[in-house]
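What follows is each chain in one-letter form.
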Amino acid sequence: MNVLVTGGLGFIGSHTVIALHQAGYTPVIIDNLSNSSEAVLTQLSKITGHSFEFYRGCIGDDALMQQILTDHNIEGVFHFAALKAVGESTEQPLAYYRNNVSNTVAMLETMAKCGVERIVFSSSATVYGDPQYLPLDEKHPISSTNPYGWTKVMVERVLQDYCAANEKMLAIALRYFNPVGAHPSGELGESPKGIPNNLMPYIAQTAVGIREYLNIFGDDYDTHDGTGVRDYIHVQDLVSGHVAAFDVHVKDSGFHAYNLGTGQGYSVLDMVKAFSSSAQTEIAYKICPRRDGDVASNYADASKARQILNWHAKHDLKSMTDDTWRWQTNYPKGLE
Ligand code: NAD
Ligand code: UFG
């Protein structure tokens, strides 16, 4: 089956392309390279021995999308393309609503014209807003604390309403917790542009000497060591969750939402310790004030995915930090 991967040269999309190929699907990629590099294509070929069809362009470009969907007989879309920086979204909300919401709606219209009735959407645990209870299950109320998060809430709403109006439509929203790690080959990983916002790439860049020290945002939270707790999930587990969700629901319709997390929370200091051990080096850090909008703890109840998709995360913290370190040492500046 031919499938389109939007944002397929980005961090999670590129790893998913490999997993889809290995599972017997034929993935075609569209990416506008706003947060990725065409060099990822070479890495995908290096890892799989296969060259993938790639289109450079925007998912909101109706003519280009019609051409791709029809020429390749696409039967499902894995939709990763989005802007994802929480802080930037508060400074440039319109860019986020335009790219993440308007372009997704435009893409759904193009899909409708071409008779493509399956979508797997990259949602986020951010749709749970400030947790009212832990662990977070899929029934937790939906909300957000920033424009990026609202774009995920809105697209989920669009997909629910669209499925309600179109009995053949299948939409699967996968709510990621904190994706980390890299491909075990060391040939593919996350290459954030500029200064990383997220913890794991910041630690990795500190360990390799690009950053002098890590700023730890708060050590006075109500957690086991005072630093923030999150549910880090290896990108390889995340992508196997996509394949499992698509396989299980491929003949279904309707809207389905799943948490993709491990259910296990680790603190910032736990992550520093685990990374130090993988990199065999001390990681310098400074304790700073809390970051606006951060919560103390956030972790998943991933039992719905386990029960219905027969999926659970298999990679432990050591493999998350070992794989990130391998990638970071092979490509200290990412792919250029
Ligand atoms: P990423 O930035 O590495 O990948 C996104 C890709 O989409 C990039 O290659 C970018 O160039 C491309 N893109 C953006 N807008 C586009 C457009 N209009 N048309 C075509 N291509 C476009 O991000 P990622 O970490 O791989 O995230 C993938 C998805 O998962 C995003 O939707 C993100 O919001 C979601 N998500 C990520 C995280 C995380 O922490 N990484 C957590 C939860 C959810
Ligand atoms: N942290 C630091 N220093 C840093 C970066 C992060 O101490 O330099 C801390 C944060 O305060 C937090 C933890 O590390 O306690 C994780 O922070 P991240 O920025 O890596 O991740 P978040 O949990 O804040 O957010 C991530 C994604 C969002 C997504 C959310 C879903 O960035 O896009 O997970 O749970 F919405």
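Computed from a prediction, not measured in an experiment: that's the story for all the values here.

Which residues make up the environment of Lys273, and what values go with them?
Looking at the secondary structure, you find Lys273 in helix α9 (residues 268-279). On the basis of relative accessible area, Lys273 is assigned to the exposed category, the value being 66%. It is 9.9 Å that separates the C-alpha atoms of Lys273 and Thr321, two residues lying 48 residues apart in sequence.

So what about the site of ligand 2? Which residues, and what values?
Around ligand 2 lies a shell of 19 residues, among which Asn198, Asn215, Arg230, Arg291 and Asp294 are the nearest. Between ligand 2 and Asn178, the relevant distance is 3.0 Å, taken from an oxygen atom to a side-chain nitrogen or oxygen of the residue. The backbone of Asn197 places a nitrogen or oxygen atom 3.5 Å from an oxygen atom of ligand 2. A total of 690 Å² of accessible area belongs to ligand 2 in isolation, and the protein chains cover 90% of it. At four residues, the largest contribution of residues to the shell around ligand 2 is made by strand β8 (residues 214-217). Here the shell around ligand 2 is composed, by residue class, of eight nonpolar, eight polar and three charged.

I'd love a proper account of the pairing of strand β4 (residues 76-79), names of residues and values included.
Across the two faces of β4 the burial is the same, with Gly76 and Phe78 and Val77 and His79 all buried. Of the pairings in the sheet, the one linking strand β1 (residues 2-6) to β4 comprises four bridges and is parallel in character. Considered in β4, the bridge of Leu4 is made with Val77.

Go over the site of ligand 1, please, and point to the residues and values.
As a matter of local geometry, ligand 1 sits amid 27 residues, with Asp31, Asn35, Ser36, Asn99 and Tyr148 nearest to it. The contact in question runs from an oxygen atom of ligand 1 to an N or O atom on the side chain of Ser36, over 2.7 Å. At the level of elements, α1 (11-22), α5 (93-113), β5 (118-124) and α6 (147-165) are the ones that each hand at least two residues to the shell around ligand 1. With three residues, β5 is the single largest residue contributor to the shell around ligand 1.

Can you explain the environment of Thr321? Please cite residues and give values.
Its place among the elements puts Thr321 in helix α11 (residues 317-330). Residue classification places Thr321 among the buried positions, given a relative accessible area of 0%. Along the sequence, Thr321 and Ala245 sit 76 residues apart, while their C-alpha atoms lie 26 Å from each other. Once residues lying within four places of it in the same chain are set aside, the contact partners of Thr321 are Met200, Ala274, Phe275 and Ser278.

I'd like a description of the state of the cysteines, backed by residues and values.
If you walk through the whole model with that rule in mind, you get zero disulfides. The structure places no disulfide on Cys114, whose sulfur is separated from the nearest cysteine sulfur, that of Cys58, by 16 Å.

Scoring rules and cut-offs
Residues numbered from 1 in each chain as written. Chains lettered and ligands numbered in written order. Predicted model: local features only at pLDDT ≥ 70, side-chain atom pairs only at ≥ 80, totals over all residues. Heavy atoms only, no water. Helix = DSSP H or I, 4+ residues; strand = E, 2+ residues; numbered from the N terminus. Buried < 20%, exposed > 50% of the residue type's maximum accessible area, 1.4 Å probe, protein only. Near = heavy atom within 4 Å. Polar contact = N/O pair within 3.5 Å; in protein donor to acceptor, adjacent residues only side chain to side chain. Areas by Shrake-Rupley, 256 points an atom, 1.4 Å probe, with all protein chains shown as cover. Nonpolar A, V, L, I, M, F, W, Y, C, P; charged D, E, K, R; others polar. Pairing = 2+ DSSP bridges. Contact = heavy atoms within 4.5 Å. Disulfide = S-S within 2.5 Å.

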